[in-house]
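Chain and residue survey
Below, each chain spelled out in residue letters.
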Amino acid sequence: MFPWTDPAEPLRFDRFMAAALHDPERGYYARRIRGVGKPGDFTTTAAISPALGRAVAHWAADALRESSCRDLIELGPGEGTLASAIRRHLPWTLRLRTRLHLVESSVPLREKQQALLGRHARWHPTIASALEACSGRAVIYSNEFADAFPVRLFRRRDDGWDEQFVLPDRDHWRPSRELPDSTQFDLRWPEGQAIEVHESYREWLEAFLPQWKCGRMLTIDYGARDSELYHRQPAGSLRAYFHQQAINGPEIWSRPGHQDITADVNFSDLIRWAEPTTEMVELLPQEAFLRPFIDPGNPADHFASDPSGSGGAFLCLDQRRR
């Protein structure tokens with residue numbers, strides 16, 4: 001039974017999530033994703049608002065000039081909508097000299113990107129291969145990429161933490177003897193509070209950061225700093241998306257490989273994990289990042305920048321390679 005090799009043996013949640021999303025044969029992103037936006041299970045800001053392409057293009061132009069890099073890398077480019085918009089909005093002198101690289105492991109999504117961008121981009125299965133092609137000198141950006149990394153789930157008890165495992169028909173909690181590196185464990189939480197840790201993202205960062213020699217990196221995703229992350233969320237932020245509907249509870253693992261699974265990003269962790277290789281330039285809400293590029297006559301731009309909605313739920317982290 002996918003993704004269990006033994007249906008009687010509980011599977012640690014991050015390992016279940018990794019198989020459900022990224023298994024080469026049956027994973028959601030690898031094979032089953034239908035698209036992003038109205039035809040798919042979820043929608044991104046890039047698929048809704050043109051303002052994001054204008055804003056990231058402005059940031060990329062500044063970062064490329066500052067670092068003297070000629071290579072621009074997007075991580076997890078979806079259907080290629082954002083990359084296409086950024087290329088279109090770059091000043092023409094930069095557009096001519098900048099090489100665009102897309103890091104994509106999903107076959108269905110890569111086909112959509114290639115149909116849209118054609119010869120204007122190069123494709124890579126990993127960031128390591130993209131950086132190798134750039135000699136380690138590149139400006140890197142992503143939109144809703146970190147949230148797709150598998151998470152470990154923990155629940156506070158009076159004398160420690162339990163970690164979640166899953167079986168095909170139910171969840172299962174075990175006392176945790178060793179906690180991963182996360183700022184969440186530096187805070188005081190009430191008994192019963194559930195938290196997620198993107199440990200797989202930390203491992204991914206540690207693997208590629210030594211190879212990255214120069215440039216800036218922009219990370220856009222939904223989440224918050226650690227102390228603000230679980231405001232009124234005692235059950236944590238883990239959820240799935242199926243036909244544009246948010247799924248919570250045990251139904252999250254009821255359709256492995258057929259729905260997206262995600263959790264809010266702890267930006268305090270992202271900052272700490274990248275030190276001392278990087279320094280933070282700024283961390284700001286999406287509303288502030290998009291504000292100079294909003295078209296007053298476009299309702300989609302207002303939706304993406306609404307501080308009580310997407311504009312406040314998403315953060316934009318700008319980091320510079322030291």
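Structure: see above.
Structural notes, computed from the coordinates. Within every chain, residues take consecutive numbers counted from 1 along the sequence as written. Local features in a predicted model are, by the rule used here, given only for residues with pLDDT of at least 70; side-chain atom pairs are given and counted only at 80 or more, and totals for whole chains, interfaces and linings are based on all residues. The basis for the side-chain values is all heavy atoms of the structure; hydrogens and waters are excluded.

Regarding the overall build of the chain
For the record, the criterion: Starting at the N terminus, helices and strands are each numbered in turn, a helix being any DSSP run of H or I of at least four residues and a strand any DSSP run of E of at least two. Throughout, the radius of gyration refers to the C-alpha atoms, and the reference size of a globule is 2.2 Å times the residue count to the power 0.38. Type-normalised accessible area, obtained with a 1.4 Å probe on protein chains alone, sets the label of each residue: buried when under 20%, exposed when over 50%, and partly exposed for intermediate values. Two residues qualify as a contact provided that any one of their heavy atoms is within 4.5 Å of a heavy atom in the partner residue. Accessibility throughout is a Shrake-Rupley quantity obtained with a 1.4 Å probe, and a residue counts as covered only by protein chains that appear here. Charged-residue counts in this description rest on Lys and Arg as positive and Asp and Glu as negative, His and the chain ends being excluded. In this description, the location of a charge corresponds to atom NZ of lysine, CZ of arginine, CG of aspartate or CD of glutamate.
A tally of helices and strands in the chain yields 13 helices and 16 strands. Its C-alpha atoms give the chain a radius of gyration of 19 Å, within 12% of the compact-globule value 20 Å for 322 residues. Each of the three principal axes of the chain carries a C-alpha extent, and together these read 60 × 45 × 40 Å. Evaluated residue by residue, the chain yields a buried proportion of 56% over its 322 residues. Considering only contacts in the chain between residues 6 or more positions apart, those separated by 24 or more positions represent 74%. When the accessible area of the chain is evaluated, it comes to approximately 14,500 Å², of which 49% is carbon and sulfur surface. Of the side-chain charges in the chain, 40 are positive and 45 negative, and the distance between the mean point of each set is 6 Å.

Brief notes about the pairing of strand β11 (residues 239–242)
The following threshold applies: Two strands qualify as a pair provided that DSSP identifies no fewer than 2 bridges between them.
Looking at chain direction, β11 and strand β13 (residues 260–262) are connected through 3 bridges and run antiparallel. Pairing of Tyr241 across the sheet is with Asp260, part of β13. One ladder, built from 3 bridges, connects β11 with strand β12 (residues 245–247); its direction is antiparallel. From the neighbouring strand, Tyr241 faces β12, where its bridge partner is Ala246. Hairpin connection between β11 and β12: a loop of 2 residues separates the two successive antiparallel strands, and His243 in this loop has a positive phi of roughly 55°.

A look at the packing of aromatic side chains
Operational definition: Any Phe, Tyr or Trp ring, taking Trp's six-membered ring, that has another such ring centre within 6.5 Å forms a pair; planes under 30 degrees apart are called stacked, those over 60 apart edge-to-face, and the others tilted.
Inspection of every chain in the model, using the stated rule, returns 13 aromatic pairs. Ring plane angle 80° and centroid distance 5.2 Å describe the contact between Phe145 and Phe149, whose orientation is recorded as edge-to-face. Residue classification places Phe145 among the buried positions, given a relative accessible area of 15%. The class for Phe149 is buried, based on a relative accessible area of 13%. Considering the side-chain rings of Trp161 and Phe185, the 5.2 Å spacing of their centres and the 85° angle between planes classify their relative orientation as edge-to-face.

Focus: the sheet that holds β12
In a beta sheet, neighbouring strands pair by backbone hydrogen bonds and run either parallel or antiparallel. Using the following cut-off: Here the axes come from fitting lines to C-alpha atoms, over the contacting stretch only for helices, and the angles between their N-to-C directions go from 0 to 180 degrees.
Strand order in the open sheet formed by 3 strands is β12-β11-β13, and the pairing between neighbours is antiparallel. The sheet terminates laterally at β12 and β13, the two strands that pair on one side only. The sheet shows a mean angle of 30° between the axes of neighbouring strands, taken without regard to direction.

What about empty space enclosed by the protein?
Operational definition: Grid spacing is 1 Å over the protein atoms alone, the probe is 1.4 Å, and a cavity is where that probe fits but cannot get out, while a pocket is an open set with protein on both sides within 12 Å along at least five of seven lines and lining residues have an atom within 4 Å of a point. Grid points are joined across faces, edges and corners, and a volume is the space filled by probe spheres set on the points.
Evaluation of the coordinates by the stated rule reveals 1 cavity of 30 Å³ or more. Estimates place the volume of the largest cavity at around 30 Å³. As for the largest cavity, its lining consists of Tyr201, Leu205, Met217, Thr219, Leu270, Ala274, Leu317 and Gln319. Secondary structure elements with two or more residues in the lining of the largest cavity: α9 (199–208), β10 (216–224), α10 (267–274) and β16 (314–321).

Thoughts on the layout of surface pockets
The following threshold applies: Side-chain classes follow a simple rule in which Ala, Val, Leu, Ile, Met, Phe, Trp, Tyr, Cys and Pro form the nonpolar group, Asp, Glu, Lys and Arg form the charged group, and the remainder, Gly included, forms the polar group.
Space inside the second largest pocket adds up to approximately 280 Å³. Every residue lining the second largest pocket is counted, 17 residues in all, and those nearest its centre are Leu153, Gln164, Ala194, Ala235 and Leu238. Mapped onto the lining of the second largest pocket, the elements with two or more residues apiece are β6 (152–157), β8 (170–175) and β9 (194–197). Across the lining of the second largest pocket, the residue classes break down as 10 nonpolar, 4 polar and 3 charged.

Here's the deal with helix α4 (residues 51–67)
The test is simple: A helix is expected to span 1.5 Å for every residue after the first.
Between its first and last C-alpha, α4 extends 24 Å over 17 residues, near the 24 Å set by a 1.5 Å rise per residue. Counting buried positions along α4 gives 12 out of 17 residues, so the element sits mostly inside the fold. Turning to α4, its buried residues number three or more, namely Ala51, Leu52, Gly53, Ala55, Val56, Ala57, Trp59, Ala60, Ala61, Ala63, Leu64 and Ser67. Two residues or fewer past α4, Ser68 is found with a positive phi of approximately 60°.

Quick notes on the pairing of β10
Within β10, 9 of the 9 residues are buried, leaving the element largely enclosed by the surrounding structure. Bridge count for strand β5 (residues 139–143) against β10 is 4 bridges, and the pairing is parallel. Bridge assignment links Tyr141 to a residue of β10, and that residue is Leu218. Two strands pair when backbone bridges link them, and β10 and β16 are joined in this way by 7 bridges, in the antiparallel orientation. When the bridges of β16 are listed, Thr219 appears paired with Leu317.

Structural notes on the side chain of Gln319
By secondary structure assignment, the location of Gln319 is in strand β16. Contact partners of Gln319, with chain neighbours within four places excluded, come to Trp212, Arg216, Met217, Thr219, Leu270, Ile271, Ala274, Thr278, Glu279, Met280 and Val281.

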